[in-house]
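Analysis of the macromolecular model
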There are 2 protein chains.
Amino acid sequence: MTSNRPPTSVDVARAAGVSQATVSYVLNDNPNARVSEETRQRVRDAAARLGYVPDASARTLRTGRSGIVLVPLSPARTGGLVRDLLDDLGEELRPRGYTLVQYGERHLKGVPAAKVWAGLRPTAIIVEADRLTRASVDLLRASGTRTVIGFSDAPSPLVPAVVMDHESVGACAARHLAERGRRRLAAIVPREEGVDLMGVGRLRGVRQVAPDAERIDLAFTEEAARAVATRHDLPDGIFAYNDEYALLLMSALQDAGVRVPEDVAIVGADDLLLASLVRPRLTSVHFDTTATPAGMAAYIDELVRGDRTAEPGSVISIYGPRLIVRSSS
Amino acid sequence: MTSNRPPTSVDVARAAGVSQATVSYVLNDNPNARVSEETRQRVRDAAARLGYVPDASARTLRTGRSGIVLVPLSPARTGGLVRDLLDDLGEELRPRGYTLVQYGERHLKGVPAAKVWAGLRPTAIIVEADRLTRASVDLLRASGTRTVIGFSDAPSPLVPAVVMDHESVGACAARHLAERGRRRLAAIVPREEGVDLMGVGRLRGVRQVAPDAERIDLAFTEEAARAVATRHDLPDGIFAYNDEYALLLMSALQDAGVRVPEDVAIVGADDLLLASLVRPRLTSVHFDTTATPAGMAAYIDELVRGDRTAEPGSVISIYGPRLIVRSSS
DNA sequence: TTGTAGGCGTTATCAC
DNA sequence: GTGATAACGCCTACAA
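Residues numbered from 1 in each chain as written. Chains lettered and ligands numbered in written order. Predicted model: local features only at pLDDT ≥ 70, side-chain atom pairs only at ≥ 80, totals over all residues. Heavy atoms only, no water.

An unreviewed UniProt entry annotates chain A as DNA-binding LacI/PurR family transcriptional regulator originating from Nonomuraea endophytica.

Turning chain B through 179 degrees and shifting it by 0.1 Å along the axis lays it on chain A, with an RMSD of 0.2 Å. Taken together, the rotation and translation describe the operation of a two-fold axis. No C-alpha of chain B lies nearer the rotation axis than that of B:S57, which sits 2.3 Å from it. Mapped onto chain A, 98% of the interface residues of chain B are again interface residues, and the two copies thus contact each other with one and the same surface. (Least-squares fit on C-alpha atoms with pLDDT ≥ 70 in both. Contact = heavy atoms within 4.5 Å.)

Residues and elements named next belong to chain B. Bridging between strand β1 (residues 68-71) and strand β2 (residues 99-102) involves four bridges; their strand directions are parallel. From the neighbouring strand, V71 faces β2, where its bridge partner is Q102. Examined bridge by bridge, β1 and strand β3 (residues 124-128) share two bridges and lie parallel to one another. Counted as the bridge partner of V69 is A124 from β3. (Pairing = 2+ DSSP bridges. Helix = DSSP H or I, 4+ residues; strand = E, 2+ residues; numbered from the N terminus.)

Here we take up the sheet that holds strand β11 (residues 315-324) of chain A. Residue and element names in this part refer to chain A. Read across the open sheet, the eleven strands follow the order β2-β1-β3-β4-β5-β11-β10-β9-β8-β6-β7; overall the sheet is mixed. The two strands at the open ends of the sheet, each matched to only one other strand, are β2 (99-102) and β7 (214-218). The average undirected angle you get between the axes of adjacent strands in this sheet is 20 degrees. Two elements, strand β6 (residues 185-190) and β7, share five bridges in a ladder whose sense is parallel. Bridge pairing links P190 to L218 in β7. Against the sheet, helix α11 (residues 243-255) contacts β6, β7, β8 (237-239), β9 (265-269) and β10 (283-289), and its axis sits at roughly 155 degrees relative to β9. (Axes fitted to C-alpha atoms, helices over the stretch in contact; angles between N-to-C directions.)

All names here are of chain B. Looking at the secondary structure, you find D11 in helix α1 (residues 9-16). Taking the relative accessible area as the measure of exposure, D11 reaches 22% and is therefore partly exposed. In the structure, D11 is positioned 186 residues away from L197 in sequence and 53 Å away in space, judged by C-alpha atoms. Contact partners of D11, with chain neighbours within four places excluded, come to P6 and L50. (Buried < 20%, exposed > 50% of the residue type's maximum accessible area, 1.4 Å probe, protein only.)

Attention now goes to the packing of aromatic side chains. Applying the stated rule across the entire model yields four aromatic pairs over all chains. Centre to centre, the rings of B:F220 and B:Y245 are 4.9 Å apart; their planes meet at 70 degrees, and the pair counts as edge-to-face. On the criterion of sequence distance, the pair formed by B:F220 in the loop between β7 (214-218) and α10 (222-229) and B:Y245 in helix α11 (residues 243-255) is long-range, its members being 25 residues apart. By relative accessible area, which is 2% here, B:Y245 ends up buried. The interplanar angle of 85 degrees and the centroid separation of 5.6 Å between the aromatic rings of B:Y241 and B:Y245 together place this pair among those described as edge-to-face. Residue class for B:Y241 comes out buried when judged on its relative accessible area of 2%. Taken together, the ring pairs connect A:F220, A:Y241 and A:Y245 into an aromatic cluster. Stacked on the ring of B:Y241, the Lys or Arg B:R202 has its end atom at 4.7 Å from the ring centre. (Phe/Tyr/Trp six-rings, centres within 6.5 Å; stacked < 30°, edge-to-face > 60°. Lys NZ or Arg CZ within 6 Å of the ring centre and 35° of its normal.)

Here we take up the sheet that holds strand β6 (residues 185-190) of chain B. Consider a sheet: its strands pair through backbone hydrogen bonds, and that pairing is either parallel or antiparallel. Residue and element names in this part refer to chain B. Strand order in the open sheet formed by eleven strands is β2-β1-β3-β4-β5-β11-β10-β9-β8-β6-β7, and the pairing between neighbours is mixed. The sheet terminates laterally at β2 and β7, the two strands that pair on one side only. With strand direction ignored, the average angle separating the axes of adjacent strands in the sheet is 20 degrees. Note that strand β9 (residues 265-269) and strand β10 (residues 283-289) share three bridges and pair parallel. Its bridge partner lying in β10, A269 is registered against V285. Contacts from helix α9 (residues 196-209) reach β6, β7, β8 (237-239), β9 and β10 within the one sheet, and its direction differs from that of β6 by about 165 degrees.

What follows covers the packing of α1(B) against helix α3 (residues 37-50) of chain B. Residues and elements named next belong to chain B. Orientation of α1 relative to α3, taken along the N-to-C sense of each, is 125 degrees, at an axis distance of 9 Å. Judged by the inter-axis angle, α1 sits oblique to α3. As for how α1 packs across α3, the hand of that crossing is right-handed. Contact with α1, carried on its side by D11, V12, A15 and A16, involves R42, V43, A46, A47 and L50 of α3 and no other residues of that element. Within the contact of α1 with α3, the residues separate by chemical class into seven nonpolar, no polar and two charged. (Parallel < 35°, antiparallel > 145°, perpendicular 65-115°, else oblique. Left-handed = near helix turned anticlockwise from the far one by under 90°. Nonpolar A, V, L, I, M, F, W, Y, C, P; charged D, E, K, R; others polar.)

It is worth spelling out helix α4 (residues 56-63) of chain B at this point. An α-helical segment advances 3.6 residues per turn. Residues three or four places apart therefore align on the same side. Its side-chain oxygen at 2.7 Å from the backbone nitrogen of B:S57, B:D55 defines the N-terminal cap of α4(B). Positive backbone phi, at 75 degrees, marks B:G64, one or two positions downstream of α4(B). (Polar contact = N/O pair within 3.5 Å; in protein donor to acceptor, adjacent residues only side chain to side chain.)

Taken together, the contact pairs 46 residues of chain B with 45 residues of chain A. For the pair chain B and chain A, the two sides together bury roughly 4100 Å², of which 56% comes from carbon and sulfur. Across the contact surface, chain B and chain A share six salt bridges. A salt bridge links A:R281 to B:D255, with the nearest nitrogen and oxygen atoms 2.8 Å apart. Inspection of the chain B/chain A interface yields twelve residue pairs in polar contact (both at pLDDT 80 or more). Breaking the side of chain B that touches chain A down by element, the ones donating at least two residues are α4, α5 (80-93), β2, α6 (113-119), α11 and α12 (273-277) of chain B. (Buried area = accessible area lost by both parts, 1.4 Å probe. Salt bridge = Lys/Arg side-chain N within 4 Å of Asp/Glu carboxyl O.)

With that settled, the discussion passes to the side chain of A:N242. Residues and elements named next belong to chain A. Topologically, N242 is positioned in the loop between β8 and α11. Residue classification places N242 among the buried positions, given a relative accessible area of 1%. Within the local environment of N242, its side chain forms a polar contact with the backbone nitrogen of E244, the two atoms lying 2.9 Å apart.

For B:I68, the location among the structural elements is in strand β1. Not counting residues within four places of it along the chain, the set of residues in contact with B:I68 comprises B:T99, B:V101, B:L120, B:P122, B:T123 and B:A124.

This brings us to the nonpolar core. The nonpolar side chains of soluble globular proteins are, as a tendency, buried together. Counting 66 residues, the largest nonpolar core has A:I188, A:L253, A:I266, B:I188, B:L253 and B:I266 as its most contacted members. Excluding residues within four positions of it along the chain, B:I188 makes contact with B:I216, B:L218, B:I238, B:F239, B:A240, B:Y241, B:Y245 and B:L249. (Core = buried A, V, L, I, M, F, W, Y, C linked by side-chain atoms within 4.5 Å.)

Lining the immediate environment of DNA strand D, one finds 27 residues, of which A:T22, A:R34, B:S9, B:Y52 and B:R62 sit closest. A distance of 3.4 Å separates a phosphate oxygen of DNA strand D from a polar side-chain atom of B:N28. Here a base oxygen of DNA strand D and a side-chain polar atom of B:R62 are 2.6 Å apart. If you list the elements that add at least two residues to the surface near DNA strand D, you get α2 (20-27) and α4 (56-63) of chain A together with α2 (20-27) and α4 of chain B. (Near = heavy atom within 4 Å.)

Here is the structure:
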């Protein structure tokens, strides 16, 4: 039983015959310490040989920076789009030395959420802008968070934000339905907590075009969809929040003998692959993004390293809507 | 500019007029230190007033335990089933004081993955059993990881494992197709790295029933699906790995003028809501689980706290297949 | 019942 | 160029 405690930098130093500080210098390429190339090699070799990995918490404690990019997302199904975006962003951040931590939280006893976030000493945090206050932003900043980025449907007065223009999505969908002659419009608003806000934003957009559009709250279950589909006063055009809800609704309507799109036209959003796989194909509002995940990763990196600053109220990346027409709906 | 460094336990101690140690005792309910109820109150009040949050890294460094349950999942789309499972598990673990960290990793320069995992000093880790060796398990154990749990399609000799019996899934699907008179079977194996292993397992199961079953490798894109669908020598029964691939394939077949299920019958798996929303409805192999996320969370907790031990080779939870017949496929 | 002190592994400021 | 040494914030014997 070789009680292999993981090797520390002291072990590496001993193995390389140098002091522990030298190890730290070499492994971090610290510029203000001049170390001979030969020594560097010895240190690197020793580290490799022992399989040395720096202890993340010790480094965090010492530096006050964790390399964690925290994304405390409301756990509810945020929809495929955000999920994919975050997955990609995480991939892009890793090679830059950051770790994207997705941290779904629901109840937080009584502790203000920002306190909990701060406890993790994240280097950066991306969070729904509505959950931020001036106080929480200050707390985060004070606790070493270099970059606070909001996620919202409009620029935030507190922080730079990634803006997804949900209103325009709704408006875009409604315009399409209206142009097709649909007069009695409705918009689905998900009942799921955390998504409902985006749903309301999209509804607002629909009502810009069709002020009388009905609001239909819908939980993501077949029963709930059936209840809607069997109403006797169905609208003739429905914006279904996104493609997943659109499919759910379409299925229920088909079961109820309602013809889609003849009787009720449906428009989804997010342009998931899903939308083009079902029959009839789903018309969907696609988000064009002005920044790729790679671009966002680079941007965050610059912000953290101080190579760039972003004012509160500024917009990092706008996700704008564009219509993808698929079926005849 | 109140350069509010976040309050430390020393600050709390000062505010409460006690020593720092007492703060630690009170806040952690340390049983072998007797502290008067009055002092406890003073400490708690001070902590609340200052908005004290323990520094996660300092605690981790000191105790050697992070409360992190690490899930270094291959990033490829693991499919909705695993994803949902992990989401739920995370919810269940949080109130128990653990943080489930999903950590998608792809390239890890040359560093052995286990070294990187160990660097985070996770309290527990759930990882595909194939990625574990005796050495990596030892390393993790030595670095303070209390619980290593495998994720596999068969019991692992190294660690207790959550077992999803992929072979049975394939066999179950194949049996269904054979009973419906399908003679020329095929099984889809995803090209996506990380999922392919499960795909191969499921294929094995299909071949238990139909030894001649063809293996079709398929990437999750419409082009790839089209290529398969336009073959002139299509099988008459296809097990599509899971519901998502099934839908992808079905769409392509419909585009190619192939009737589903008359010409080609398709069976999916995982019983996603999706499967019952599309037309024709997808027959799917459902996983019955003998343990709920809540149960797994409790189990992990017991393992970590030492209230329970699990031998290598033991099975934590079996996910077994059951057929859900939906359409006439 | 409470306080003192040592150390977890790292980085960074100094002398040498 | 390199090596002691002092924090970072917390937990926990042990002393008082």
